[in-house]
Amino acid sequence: MESAYGSSVAPVKALVLSAPSQPFYYNAQALLNCLRLHSGTITLEFDAGGLLAIRTRDSQYIQSPMRPASQVRRAA
């Protein structure tokens, strides 16, 4: 994750049953806002269509994937 304050990377344990043929993109800011609200164990579950379920002990949030960022073409 990269922001105006810097960047960070953290290894996580993952169990991948079947990898998708294409990558999925999510709203990083919305995901970070959700993760900041909780402490303790958080489970991220993905379905085959890219739907993301974020589960904590007391809450559950759903985030759907977005389209990849588009490249803006500039006139020559």
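Whatever comes next refers back to the structure up there.
Since the model is a prediction, treat every value here as computed from it, not as a measurement.

The rules behind each value
- Residues numbered from 1 in each chain as written.
- Predicted model: local features only at pLDDT ≥ 70, side-chain atom pairs only at ≥ 80, totals over all residues.
- Heavy atoms only, no water.
- Helix = DSSP H or I, 4+ residues; strand = E, 2+ residues; numbered from the N terminus.
- Contact = heavy atoms within 4.5 Å.
- Salt bridge = Lys/Arg side-chain N within 4 Å of Asp/Glu carboxyl O.
- Buried < 20%, exposed > 50% of the residue type's maximum accessible area, 1.4 Å probe, protein only.
- Pairing = 2+ DSSP bridges.
- Axes fitted to C-alpha atoms, helices over the stretch in contact; angles between N-to-C directions.

K.L.:
Is there a simple way to think about the side chain of Thr-56 in this case?
P.N.:
Looking at where Thr-56 falls in the secondary structure, it is placed in the loop between strand E4 (52–55) and strand E5 (60–63). Discounting chain neighbours no more than four positions away, the residues touching Thr-56 are His-38, Thr-41 and Ile-42.

K.L.:
I tried to follow the pattern of salt bridges on my own but got confused; where do I start?
P.N.:
Think of it this way: side chains of opposite charge can pair up when their charged atoms draw near. With the rule as written, the count across this model stands at one salt bridge. Among the ionic pairs, Arg-55 bridges to Glu-45, the shortest N-O distance being 2.8 Å. Note that Arg-55 is positioned in strand E4 and Glu-45 in strand E3 (residues 43–46), a separation of ten residues in sequence. Residue Glu-45 is classed as partly exposed on the basis of its relative accessible area, which comes to 36%.

K.L.:
Explain the sheet that holds E4 to me, please; I cannot follow it from the model alone.
P.N.:
Paired through backbone hydrogen bonds, the strands of a sheet run either parallel or antiparallel to each other. Taken in spatial order, the three strands of this open sheet run E3-E4-E5, and their pairing is antiparallel. Sheet topology places E3 and E5 at the edges, where each strand pairs with a single neighbour. Looking at each pair of strands side by side, their axes are set apart by 20 degrees on average, direction ignored. As defined by bridge partners, E3 adjoins E4 across four bridges and the pair is classed as antiparallel. When the bridges of E4 are listed, Phe-46 appears paired with Leu-52. Docked against the sheet, helix H1 (residues 28–36) engages E4 and E5, running at close to 15 degrees with respect to E4.

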